[in-house]
Amino acid sequence: MIHDSDPSSVCCLEQFRQPLAVTPPALCALQNGILENAGRAILVTDTAGRLVYFNPAAQRMLGYAWEEVVGRVTPLLFHLPDELAEKAHFLGVSGTADFSVLIAGLGPDCPAVEADWTYVRKDGSTVPVSLTISQMRDAAGAIQGYLAIASDISKRRKLEQDLRIAAIAFESQAAIMVTDAQQRILQVNDAFTRLTGYSAEEAIGRTPSLLKSGRQDAAFYAAMWRELNATGRWQGEIWNRRKNGESFPEWLTINRIRDASGQLTHYVSTFSDISDLKVAESEIHHLAFYDPLTAMPNRRLLLNRLEKACSASKRSGQYGALLIIDIDHFKTLNDTLGHAVGDRLLVEVASRLAGCIREGDTAARLGGDEFVVMLENLGQNAAAAGVKAEIVAENIRFALARPYLLSGDTEYFRSASIGISLFHEHDKTADVLLKQADIALYRAKDVGRNTIRFFDDAMQTALDERAALEAGLRRALARDEFLLYAQPLVDTESRVIGAEVLLRWQAAERGMVLPGDFIPLAEETGLIVPIGLWVLDQACAELRRWASDPQTARLYLAVNVSARQFRQPDFVMQVSDALARYEVDPGRLKLELTESLLLDNVEDVVEKMQALRRLGVRFSLDDFGTGFASLSYLKRFPFEQLKVDRSFIRDIMRNSDDAGIVRAIIAMGNTLRLNVVAEGVEDAEQHAYLARHGCTFFQGYLFGKPMPLADFRRMLSGNRDVLPPLAVGDQVS
Ligand code: C2E
Ligand code: MG
Ligand code: MG
């Protein structure tokens, strides 16, 4: 039974079975069974295309019940009118909704036609089918109807579509590289060749390391593989190298492909060149963080860096400083000469500021004529940091005061006011720091512009004090406020063999000032040069006096020479002039140098020392042990003596480390034929210990404190016992 609900279907089919009249009834029943149970949709029509049979598979596919379709014309029922029309047009068949389109081509030579069609279901949805239509003839060969077998090809269509998409995608803008599980390249697309310069032939069979730029380290690749292995996918930015050697940034996606059994089969990498993106990104960054006129960091970037600097300061304990710089009377210039000229001034200011700071510091423009300089790593001492910041501020003030050529040949002059606030260990927010520097700037403007002001009062006081000291120091020479003291040096028998001159400043406003309080400032400001010349002159004058007295004629006088003074190109000349001026025996003069001098420009130092040695002048290395110098390094320089720094001697009886260092210095000094002086010997115990370990020369309160030169002379002439029987030069080396 073909169809329970409609026995007529059987008779219809019977009719078609006529050509198979030879078929016995059993076989006929079998055929019916096959049709009924076939997986494919089977439809039978009469010659006009009216449906006479419709199997269950067809019902399932199309959603119609038998009684809804029987006797109806199939093209009208199941087909899209447009598709029929198109096909009819293509085949040159007339009558669009006509069944003839479906059976076009059938004939004596062609018993069946096959074509892809779109079936429309009862619910309006569509399904692509492959439709095979064959003629059904009776025994006489007359056409009785048509048999249509339709198979759902939506899966195949989908696959075809996917393949088409894949093929198009493969030839997309992005480079694609497919490797096997061992990472051998199997396939690349045109974009790959365009991007990397490697053709498919060159790439296939190689591994992706072909493209390695060397910019990523092993840790980067390790992390990439970890992620790829864990998640099956990695995405990120990477630098690769083209065939021509050029590196380029790319955005890379790698997917791991497994087969149905879970076995790793391929890696598919997709990447695109993001150089342009990077440029755009950096342009955007530039616009967002830099001032377009001066190309300096803007307020936003400054605040950003300031935050970072504050955090860094918290870690390092180092001070930093924020300087706000404002061009005095900028508005007047802008208003009178126009904005173009004003802009030129600002650009010039920016370039001068950049010249005043170290690498790592930031110069920014806040807007208008307000600039900010941020200094970092100013050391862990507040006062010293303040001094450093002030020196930079002074340099800036000086640099900005130079004439500006803004239009034509006319020179314009502008001064600047600067407000400074120090920062330390993230104790204030960036905004607060800026505000403080701003307050300091207003104070600077208040006191008449062209000045520097600190936010911190104590800092300001300290710096004012320093400024006053400097002013006093500048006047001291002219006012004849310097004095020389002398401190005796003795040998093992405590006989005086010479003296060291030590500078004193009898300042009108502040009384006696010790060198520790003014020499560093004199060095910084360069005042040490004229002061040093004065000391040298006075020391030679004293040696002249000594020469005429047999009690002192054979003593030597040591003069401290600071690095800045020694570096004067005509230093040798200055010394020989002073010696000549007073007709002094150069052998009586000893120059004390410190280790810091020996660090730079060694050739020049050695040359000058040798020139002076040739004159007869001798050298002593002062404060030995506090610096870097090893004794073997010292051999390059013609020293005759070294003085062990007072700090080691002070604790020699308490601190075994210090004692060990001193013993080693004495032993090595003796080996190198340098005579060793122990500085700052204050008591007999220290003296005895030093003498026991081979030290032969001593200086310190135990033998005499520094005293005015006249007192020193008086002391010697009054006490014959301490006079040396021999000149020191005869005793040593
Ligand atoms: P220095 O050359 O190492 O001088 C020795 C310092 O130690 C002197 O300090 C001296 O007064 C002090 N002193 C000596 N014996 C003792 C002692 O037993 N106990 C203690 N507590 N101190 C002792 P002063 O005079 O204050 O000089 C300090 C430094 O200033 C000198 O150290 C030297 O580096 C520098 N100086 C002094 N005069 C001059 C100068 O004319 N030119 C230059 N460039 N520097 C100078
Ligand atoms: Mg000295
Ligand atoms: Mg010393």
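Criteria and cut-off values
Residues numbered from 1 in each chain as written. Chains lettered and ligands numbered in written order. Predicted model: local features only at pLDDT ≥ 70, side-chain atom pairs only at ≥ 80, totals over all residues. Heavy atoms only, no water. Domains from an automatic or database assignment. Donors = N, O, S within 2.8 Å, 3.2 Å for Na, K, Ca; no water. Helix = DSSP H or I, 4+ residues; strand = E, 2+ residues; numbered from the N terminus. Buried < 20%, exposed > 50% of the residue type's maximum accessible area, 1.4 Å probe, protein only. Near = heavy atom within 4 Å. Polar contact = N/O pair within 3.5 Å; in protein donor to acceptor, adjacent residues only side chain to side chain. Areas by Shrake-Rupley, 256 points an atom, 1.4 Å probe, with all protein chains shown as cover. Nonpolar A, V, L, I, M, F, W, Y, C, P; charged D, E, K, R; others polar. Pairing = 2+ DSSP bridges. Axes fitted to C-alpha atoms, helices over the stretch in contact; angles between N-to-C directions. Contact = heavy atoms within 4.5 Å. Lys, Arg positive; Asp, Glu negative; His and termini not counted. Salt bridge = Lys/Arg side-chain N within 4 Å of Asp/Glu carboxyl O. Left-handed = near helix turned anticlockwise from the far one by under 90°. Parallel < 35°, antiparallel > 145°, perpendicular 65-115°, else oblique. pLDDT = per-residue confidence, 0-100. Phe/Tyr/Trp six-rings, centres within 6.5 Å; stacked < 30°, edge-to-face > 60°. Lys NZ or Arg CZ within 6 Å of the ring centre and 35° of its normal.

**Student:** What's the story with the domain arrangement of the protein chain in this structure? I'm lost.
**Tutor:** Interface size is commonly expressed as the accessible surface area that is lost when the partners come together. Taken as a whole, the protein chain is organised into domain 1 (7-153), domain 2 (171-279), domain 3 (292-455) and domain 4 (472-717). Taking only C-alpha atoms, the centre of domain 1 and the centre of domain 2 are 53 Å apart.

**Student:** I keep staring at the coordination of the magnesium ion (ligand 3) and nothing clicks. Help me out?
**Tutor:** Around the magnesium ion (ligand 3), the donor atoms from the protein are Asp622 (OD), Asp623 (OD), Glu679 (OE) and Glu679 (OE), and they sit 1.9 to 2.7 Å away. In primary sequence terms, the donor set of the magnesium ion (ligand 3) follows D-D-x55-E.

**Student:** Got a minute to help me understand the coordination of the magnesium ion (ligand 2) in this structure?
**Tutor:** Four donors placed tetrahedrally around a metal ideally meet at 109.5 degrees, and six donors placed octahedrally ideally meet at 90 or 180 degrees. Taken together, Glu500 (OE), Asn560 (OD1), Glu592 (OE) and Asp622 (OD) make up the protein donors of the magnesium ion (ligand 2), found 2.0 to 2.2 Å from the metal. Counting along the primary sequence, the residues that act as donors to the magnesium ion (ligand 2) give the motif E-x59-N-x31-E-x29-D. In this structure, the magnesium ion (ligand 2) lies 4.0 Å away from the magnesium ion (ligand 3), the two metals sharing Asp622 as a donor. Taken together, the residues Glu500 in strand 19 (residues 496-507) and Asn560 in strand 21 (residues 556-560) connect sequence positions 60 residues apart. The class of Asn560 is partly exposed, set by a relative accessible area of 29%.

**Student:** How should I be thinking about the site of ligand 1 in this particular structure?
**Tutor:** The environment of ligand 1 is made up of 21 residues, and the closest members are Glu500, Arg504, Asp622, Glu682 and Tyr701. A distance of 3.1 Å separates an oxygen atom of ligand 1 from a polar atom in the side chain of Asp623. A distance of 3.0 Å separates a nitrogen atom of ligand 1 from a polar atom in the side chain of Arg646. Calculation on ligand 1 without its partners gives an accessible area of 790 Å², and the protein chains cover 85% of this total. For the shell around ligand 1, the elements supplying multiple residues, two or more each, are strand 19, helix 19 (515-525) and strand 23 (618-624). It is strand 19 that contributes the most residues to the shell around ligand 1, four residues altogether. The residue inventory of the shell around ligand 1, partitioned by class, reads eight nonpolar, five polar and eight charged.

**Student:** Sorry, what's going on with the sheet that holds strand 1 (residues 41-46) here?
**Tutor:** What holds strands together in a sheet is hydrogen bonding between their backbones, with the strands either parallel or antiparallel. Pairing is antiparallel in the open sheet, where five strands are placed in the order 2-1-5-4-3. Each edge of the open sheet carries a strand with a single partner, namely strand 2 (51-54) and strand 3 (112-120). For this sheet, the mean angle separating the axes of adjacent strands, direction not counted, is 25°. Here strand 4 (residues 126-137) pairs with strand 5 (residues 143-152) via nine bridges, running antiparallel. Note on strand 5: the bridge partner recorded for Thr132 is Ile149.

**Student:** Is there a simple way to think about the sheet that holds strand 12 (residues 362-367) in this case?
**Tutor:** Here five strands make up an open sheet; going across it, the order is 12-13-11-16-17 and the pairing mixed. Strands at the two margins of the open sheet, each flanked by one partner only, are strand 12 and strand 17 (452-454). Strand-to-strand twist in this sheet, taken as the mean axis angle between neighbours without regard to direction, amounts to 20°. One ladder, built from three bridges, connects strand 16 (residues 416-424) with strand 17; its direction is parallel. Residue Gly419 lies in a different strand from strand 17, and its bridge partner there is Arg453. Here helix 16 (residues 382-401) sits on the sheet and contacts strand 11 (319-327), strand 13 (370-375), strand 16 and strand 17; the angle it forms with strand 16, its principal contact strand, is near 155°.

**Student:** When you look at the side chain of Arg504 in this model, what are you seeing that I'm missing?
**Tutor:** Along the chain, Arg504 falls in strand 19. At 8.9 Å, Glu500 is the nearest oppositely charged side chain to Arg504, a buried residue that forms no salt bridge. The residues touching Arg504, leaving out its near neighbours within four places in the chain, are Glu481, Phe482, Leu483, Tyr485, Met512, Val513, Leu514, Pro515 and Pro706.

**Student:** What exactly am I supposed to notice about the pattern of salt bridges here?
**Tutor:** It is possible for side chains of opposite charge to pair when their charged atoms get near one another. Applying the stated rule across the entire model yields 40 salt bridges. Across the pair Glu542 and Arg545 runs a salt bridge, and its minimum N-O distance is 2.3 Å. Highlighted residues: Glu542 and Arg545, both in helix 20 (residues 528-547), separated by three residues, approximately one helical turn. For Arg545, a relative accessible area of 40% corresponds to the partly exposed category.

**Student:** Just to check I follow, could you spell out the pairing of strand 11 for this structure?
**Tutor:** Every regular strand shows the same layout, with side chains that alternate between the two sheet faces. Counting buried positions along strand 11 gives nine out of nine residues, so the element sits mostly inside the fold. Side chains of strand 11 alternate between two faces, with Tyr319, Ala321, Leu323, Ile325 and Ile327 and Gly320, Leu322, Ile324 and Asp326 buried alike. Across nine bridges, strand 11 lies against strand 16 in antiparallel orientation. Across the sheet, Ile327 pairs through a bridge with Ala416, a residue of strand 16.

**Student:** Explanation requested: unusual backbone geometry in the structure shown.
**Tutor:** Most peptide bonds are trans, and most residues other than glycine sit at a negative phi. In this model, Ala295 sits at a positive phi of 65°, which is unusual for a non-glycine residue. Assignment of secondary structure puts Ala295 in the loop between helix 12 (275-289) and helix 13 (299-316). For Asn450, which is not a glycine, the phi torsion comes out positive at approximately 50°. Topologically, Asn450 is positioned in the loop between helix 17 (430-446) and strand 17.

**Student:** Looking at this structure, I do not really get the packing of helix 15 (residues 339-356) against helix 16. What am I missing?
**Tutor:** To describe two helices that pack against each other, one gives the angle between their axes and the distance between the axes. Running from N to C, helix 15 and helix 16 point in directions that differ by 145°, and their axes come no closer than 9 Å. Once helix 15 is placed against helix 16, the crossing between them reads as right-handed. When helix 15 is examined against helix 16, the residues Val349, Arg352, Leu353 and Cys356 are found in contact with a partner set consisting of Val392, Asn395, Ile396, Ala399 and Leu400. Residues that form the contact of helix 15 with helix 16 fall into these classes: seven nonpolar, one polar and one charged.

**Student:** Hey, could you run me through the packing of helix 13 against helix 17 in this one?
**Tutor:** For the pair helix 13 and helix 17, interaxial distance at closest approach is 9 Å and the crossing angle is 110°. With respect to their mutual orientation, helix 13 and helix 17 come out roughly perpendicular. In this structure, helix 13 uses Arg299, Leu302, Leu303, Leu306, Glu307 and Cys310 to contact helix 17, whose residues at the interface are Ala430, Asp431, Leu433 and Leu434. Counted by class, the contact of helix 13 with helix 17 contains seven nonpolar, no polar and three charged residues.

**Student:** What is the right way to look at the pairing of strand 14 (residues 404-407) in this model?
**Tutor:** When strand 14 meets strand 15 (residues 410-412), the two strands line up antiparallel, connected through three bridges. Paired with Tyr404 across the two strands is Tyr412, which belongs to strand 15.

**Student:** I'm lost on the confidence of the model for the protein chain in this one. Help?
**Tutor:** Detailed conclusions should not be drawn from predicted coordinates in areas where pLDDT is low. Mean pLDDT for the protein chain: 87, with 93% of residues reaching 70 or above. Across residues 1-23, confidence stays below pLDDT 50; counting only partners more than four residues off in sequence or on other chains, it has 37 contacts. A low-confidence stretch, residues 721-733 (pLDDT under 50), is modelled with 34 contacts involving residues beyond four sequence positions or located in other chains.

**Student:** Just to check I follow, could you spell out the packing of aromatic side chains for this structure?
**Tutor:** The relation between two aromatic rings is expressed through the spacing of the ring centres and the mutual angle of the planes. Inspection of every chain in the model, using the stated rule, returns 16 aromatic pairs. Pairing Phe220 with Tyr221 gives two aromatic rings, centres 5.5 Å apart and planes at 90°, and the pair type is edge-to-face. Judged by its relative accessible area of 17%, Tyr221 is buried. Here the aromatic cluster, defined as three or more aromatic residues joined through ring pairs, consists of Phe54, Tyr64, Phe78 and Tyr119. Of note, Arg242 hangs over the ring of Phe248, and the distance from its end group to the ring centre comes to 4.1 Å. Its guanidinium or amino end placed over the ring of Tyr404, Arg352 lies 3.8 Å from that ring's centre, counting from NZ or CZ.

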